[in-house]
Amino acid sequence: MKYTMIAPCYFGTESTAAFEARRLGAESVQVTDGRVTFQGDSEIIAAANLNLRSAERVLLLLKSYTAETFDELFDGVYDIPWEELMPADAQFPVKGSSLSSTLSSVPACQSIVKKAMVERLKKGHHTQTLPETGALYKVRFALRKNRVEILLDTSGDGLHKRGYRRNATEAPIKETLAAAIVDLSRIRRDSRMQDPFCGSGTMVIEAAQKALNIAPGIRRRFAAERYTDLVPPQVWARQREKCLAEVRMDAAFEALAYDIDPQAVALAQHNAKLAGVAERCRFEVADVRDFVPDSQSAVITNPPYGERLGDLAEAARLEKILGERFLKSRPLSLSVITSDGDFEKNFGLKANRRRKLYNGMIPCQLYMYFEDARKPKK
Ligand SMILES: C[S@@+](CC[C@H](N)C(=O)[O-])C[C@H]1O[C@@H](n2cnc3c(N)ncnc32)[C@H](O)[C@@H]1O
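Bear in mind the structure is a predicted one, so any value in this text is a computation, not a measurement.

Caption draft 1: Representation of helix α7 (residues 202-211). Most of α7 sits inside the fold, with ten of its ten residues counted as buried. Of all the residues in α7, the buried ones are Thr202, Met203, Val204, Ile205, Glu206, Ala207, Ala208, Gln209, Lys210 and Ala211. The first or second residue beyond α7 is Asn213, which carries a positive phi of 55 degrees.

Caption draft 2: Region of the structure containing the sheet that holds strand β3 (residues 35-40). Taken in spatial order, the seven strands line up as β2-β3-β1-β4-β7-β6-β5 in an open sheet, and their pairing is mixed. Both edges of this open sheet fall to β2 (27-32) and β5 (94-99), since each of them pairs with a single strand only. Pairwise comparison of adjacent strand axes, ignoring direction, gives a mean angle of 25 degrees for this sheet. Sheet topology places strand β6 (residues 139-144) next to strand β7 (residues 147-153); six bridges connect them, and they run antiparallel. When the sheet's bridge partners are listed, Leu143 is paired in β7 with Val148. Packed on one face of the sheet, helix α5 (residues 106-124) meets β5 and β6 and runs near 135 degrees to β5.

Caption draft 3: Representation of the packing of helix α3 (residues 70-78) against α5. Remark: α3 packs on α5, axes separated minimally by 8 Å, with the N-to-C direction vectors making an angle of 40 degrees. By the angle between their directions, the pair α3 and α5 is classed as oblique. As for the relative orientation of α3 and α5, their crossing is right-handed in sense. Counted together, Phe70, Leu73, Phe74, Val77 and Tyr78 of α3 and Ala108, Cys109, Ile112, Val113, Lys115, Ala116, Met117, Glu119, Arg120 and Lys123 of α5 form the full contact between these two elements. Its residues placed into classes, the contact of α3 with α5 shows eleven nonpolar, no polar and four charged.

Caption draft 4: Molecular detail of the domain arrangement of the protein chain. As far as domains go, the protein chain holds domain 1 (3-153) and domain 2 (175-213 + 252-372). Centre-to-centre separation of domain 1 and domain 2, based on C-alpha positions: 36 Å. The interface is formed by eleven residues belonging to domain 1 together with 15 residues belonging to domain 2. The interface formed by domain 1 and domain 2 includes zero salt bridges. Taken together, domain 1 and domain 2 are joined by five residue pairs in polar contact (both at pLDDT 80 or more). Residue composition of the side of domain 1 that touches domain 2, by class: three nonpolar, five polar and three charged.

What counts and what doesn't
- Residues numbered from 1 in each chain as written.
- Predicted model: local features only at pLDDT ≥ 70, side-chain atom pairs only at ≥ 80, totals over all residues.
- Heavy atoms only, no water.
- Buried < 20%, exposed > 50% of the residue type's maximum accessible area, 1.4 Å probe, protein only.
- Helix = DSSP H or I, 4+ residues; strand = E, 2+ residues; numbered from the N terminus.
- Pairing = 2+ DSSP bridges.
- Axes fitted to C-alpha atoms, helices over the stretch in contact; angles between N-to-C directions.
- Contact = heavy atoms within 4.5 Å.
- Parallel < 35°, antiparallel > 145°, perpendicular 65-115°, else oblique.
- Left-handed = near helix turned anticlockwise from the far one by under 90°.
- Nonpolar A, V, L, I, M, F, W, Y, C, P; charged D, E, K, R; others polar.
- Domains from an automatic or database assignment.
- Salt bridge = Lys/Arg side-chain N within 4 Å of Asp/Glu carboxyl O.
- Polar contact = N/O pair within 3.5 Å; in protein donor to acceptor, adjacent residues only side chain to side chain.

Here it is as structure tokens:
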């Protein structure tokens, strides 16, 4: 059976997520703002959850229709054969959103969707009671210009939860965003990489996992593992085996990462171990003042950026130092993600390429420097 899946992702990372979906064999891959839509069977549901690096979650599109009244909303939900999807004891919390639609009250829509599900499940399972004590089925609705989508979350926890970052430093970058940046920075199986502000190590860990082709979800579980009618256990087993068989331990990838904070360095080491890439990543305590970019390495980093005045001045000082170090010894490339609009001024060079990205809700830019980027700023 063919399903339509929607994988939300951060604005600016859609093309990376779409590429990843195509590589898995997903069909009819389409990109719109902040999401990738694709089709596939139950193997693709499992493969997408296990392998997508830059998507936030994998949602199953159960139905898409027009609803301008509560009755229309109710009828559309009631028509879905919920009893074939979930057992009588399923827990099914409903969450949703509404934009530019006649039905603008999210709580009201939420209770209509829930009510329609309850009615349908009672009828379908021939019961008067739904205890909601069993497996969790997170249901979502999205209303946009009177079109409603009814979705079932197959991931559970967001896909950024890889299972290797139990603890994080103060301002960690989301794993999914780090993965997209690593991809945009063209990290390959034999790449060398450096990060002078590594914090909890996310950037190098994501790069190492990509280079070694370690599936980001291999160490965790997904909601749809309990939806055995939808994705049978043997499908998960087959996809997990495939992931393990495709790991490239022969890849030559190596990373060197630094942070001034010894606790961050210890944490990054710990996280890299949990992620199965400790042997490819070396972490050291060092000040960016002593950073020596390597001519064969891609430098990818997320420097501190403060909101308060003192922190802002410190951030500007560090960006200036990074620029000086870059001019002294040139790496293969440099990618810097920051929300500091003055980055290029502080750094001292215009980027060859800039890309707008969001770190959670924070608008950022990815500043990318390549070979010919050393000409002084005009
Ligand atoms: C935004 S955080 C990096 C977060 C990281 N990407 C992660 O996912 O955890 C910036 C890091 O820069 C480090 N840092 C601050 N000043 C530094 C300096 N002078 N030299 C090197 N690292 C510094 C901080 O300790 C912090 O861990």
